[in-house]
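Structural description and commentary
The lines below spell out each chain.
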Amino acid sequence: MRGFNRTRTRSFVLVSTWIGLLLALLLPATALASPDGPPSALEPASPASAAIADLHNFVLLIAAGVFVVVEGLIVLAALRYRRRPQDAGEPPQIHGNTRLEIAWTVAPAIIVVALFVLTLRAQQNIDAASYSAEPGVPITVEVIGHQWWWEFRYPDFGITTAGQMVIPVGRIINLQITSADVIHSFWAPELGGKTDAIQGVINRSLLRASRPDDYYGQCAELCGVSHAYMRLVVTTVSEDEFAAWAKNQALDAAEPTDPAAQAGKQVFAAGACVGCHVIRGVSSPSKPQGPDLTHVVSRPYIAGGILATTPYNLAKWLADPPAVKPGSLMPKLDLSPADIESLVAYLQTLK
Ligand code: CUA
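Residues numbered from 1 in each chain as written. Predicted model: local features only at pLDDT ≥ 70, side-chain atom pairs only at ≥ 80, totals over all residues. Heavy atoms only, no water.

Moving on, we come to unusual backbone geometry. Backbone torsion omega between Gln147 and Trp148 reads 0°, so that peptide bond is classified as cis. If you check the backbone angles, Ala303 has positive phi at about 60° while not being a glycine. Note on placement: Ala303 falls in the loop between strand S11 (301–302) and strand S12 (307–308). Despite not being glycine, Asp334 shows a phi value in the positive range, around 50°. Relative to the elements of secondary structure, Asp334 occurs in the loop between helix H7 (321–324) and helix H8 (337–347). Residue classification places Asp334 among the exposed positions, given a relative accessible area of 60%. (Helix = DSSP H or I, 4+ residues; strand = E, 2+ residues; numbered from the N terminus. Buried < 20%, exposed > 50% of the residue type's maximum accessible area, 1.4 Å probe, protein only.)

Written out as C-alpha cells, the structure reads:
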C-alpha cells in the first residue's frame, strides 16, 4: 500500500512538472505579445517583420508538436512501465527497434530541411515584400551608431536628428547603417530584423512601416557600459505630417526672444558645448561628438532615448551626464545652477 501511494505521488510530480514546463514555455510569449509590453518581433508592423514573425510562428508550432510528442512519450513510459509492488528483479532486457530508429532519424531530417527552405524563402521575402508595388520615392536615412545614442541623417532633406527617426507610413526607407566607433546593432523589433552598425562599413536595410505609431528599438550588440541605454524610437506618420516635420527640421535654430533663453544661448556659445554640438545658425564644430541640438525638444527623448524631453530631465542631464548614462562622452561640466536654468530655457526654444 505504501509503495502504491509513493508511485501515485511520483506520477503526480511528473505530470505537474510537465504541465509547468509547458506553461513556462508559453508565458514569455504571451507577455511579449501584450500591447503594453516591450516592443515585440511577434507584433509585426512591416512586411519584413511579418515574414520573420510568420517563420517564427511556424517553427514554434513544429517545436511545440515535437515537445508534446516527446514529453508525452516520456510521461507515458514513466507511468505505464513504472516498477510495481509485485515486480521482482530486473525487467526484461531488450535491444533496439530498427524501424523506430529509422523513423526518428528520418523525421527530424525532413523537419530540418523544411525549416531551412522556409528560412531561405523568408529571407527573400524580407527584401521583396518591402520593395513590391510601393508608391513614392524611397527615402534614404543614414543611421549612425554612437556610444551611446543613435544619429539619423536625411541627406535629401538636410536633416540631422538623434534618438528619433521620423518616417512616412508606407514609404520605403533605405537605411544606410554604420557606426562612429564600436560595433552597434540597429533593431526596432516591430519593423524588422537586426542590422549591425560597423565603423567604415555601410550596411543597407530596407524598412517600410505598415501603420502609424511609435516603434521602440534598442541597440542589439553589446557596445560598452551603457549599451542598455542606447535606445531609439521610429515614429511613423502620414505623408503630410512627414512633410511638415521635415520642413521644420530643415530650418536653422530659432532666435530666442525670452531673456532667460537669450542668457542660455550666451552660456551655450561661450561654453564647452559648441565644441561637440551643432546648433545650426549658432555652432558648427568641425567634429561633432554629440547630437545635433538644432531641434532637440522636438524629439520625445534625450540622452540616448532614456529620458523624456522635459525641463527637469534636461537639467538633470546637464548637471551630471555620466550619472545618468555611465561612461557618457559628455562630461560633468560643473555648470552653476543659474547656468543650467538658462541653458534649459534656451534648449526649450529649440523646437
Ligand atoms: Cu550600441 Cu549596444
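Anyway, onward from the coordinates.
Taken as a whole, this structure holds six salt bridges when the rule is applied. A salt bridge links Arg280 to Asp252, with the shortest nitrogen-to-oxygen separation between them at 3.5 Å. Remark: Asp252 occurs in the loop between helix H4 (239–249) and helix H5 (259–270) and Arg280 occurs in the loop between H5 and S11; sequence separation between them is 28 residues. Among the residues examined, Arg280 registers a relative accessible area of 19% and is labelled buried. The partner of Lys332 in a salt bridge is Asp334, and the shortest N-O contact between them spans 3.6 Å. Looking at Lys332, the relative accessible area reads 45%, which means it is partly exposed. (Salt bridge = Lys/Arg side-chain N within 4 Å of Asp/Glu carboxyl O.)

Take helix H6 (residues 311–319) next. Inspection of H6 places Asn313, Leu314, Trp317 and Leu318 among the buried residues, and these make up the whole buried set. All buried residues of H6 lie within an arc of 135° about the axis, which places them on one face of the element. Those residues of H6 that are buried are in contact with S11, S12, H7 and H8. (Arc of directions from axis to C-beta. Contact = heavy atoms within 4.5 Å.)

For the structure on display, the rule yields nine aromatic pairs. Pairing Tyr154 with Phe157 gives two aromatic rings, centres 6.4 Å apart and planes at 85°, and the pair type is edge-to-face. Using a relative accessible area of 1% as the deciding quantity, one classes Tyr154 as buried. Note on Phe157 and Phe242: the rings are 5.4 Å apart at their centroids and 85° apart in plane angle, and the pair reads as edge-to-face. Of the two residues, Phe157 sits in the loop between strand S2 (149–154) and strand S3 (159–162) while Phe242 sits in helix H4, which places them 85 residues apart along the sequence. (Phe/Tyr/Trp six-rings, centres within 6.5 Å; stacked < 30°, edge-to-face > 60°.)

For the rest of this paragraph, the subject is the pairing of strand S4 (residues 164–168). Summarising burial for S4: five of the five residues are buried, a large majority. Burial along S4 is two-sided: Gln164, Val166 and Pro168 facing one way and Met165 and Ile167 facing the other are all buried. As judged from the five bridges shared by S4 and strand S10 (residues 231–237), these two strands associate in the parallel manner. Within S10, the residue paired with Gln164 across the bridge is Val233. (Pairing = 2+ DSSP bridges.)

The strand order across the open sheet built from three strands is S4-S10-S9, with neighbouring strands paired in mixed fashion. The sheet is open, and its two borders are formed by S4 and strand S9 (213–218), each paired with just one other strand. Neighbour-to-neighbour, the strand axes of this sheet turn through a mean angle of 20°, independent of strand direction. Contacts from H4 reach S4 and S10, with the element oriented near 135° to S4. (Axes fitted to C-alpha atoms, helices over the stretch in contact; angles between N-to-C directions.)

Mapped onto the secondary structure, Lys265 falls in helix H5. Owing to a relative accessible area of 16%, Lys265 belongs among the buried residues under this scheme. A polar contact is formed between the side chain of Lys265 and the side chain of Glu255, at a distance of 2.9 Å. What Lys265 contacts, discounting residues up to four positions off in sequence, is Glu255, Pro256, Val282 and Tyr346. (Polar contact = N/O pair within 3.5 Å; in protein donor to acceptor, adjacent residues only side chain to side chain.)

As a further point, take the sheet that holds strand S1 (residues 139–146). The five strands are arranged S3-S2-S1-S5-S8 in an open sheet whose pairing can be described as mixed. Two strands close off the open sheet at either side, each with one partner strand: S3 and strand S8 (203–207). Shown here is a sheet whose adjacent strand axes are inclined to one another by a mean of 25°, direction ignored. Sheet topology places S2 next to S3; four bridges connect them, and they run antiparallel. When the sheet's bridge partners are listed, Phe152 is paired in S3 with Thr161. Against the sheet, H4 contacts S1, S2 and S3, and its axis sits at roughly 100° relative to S3.

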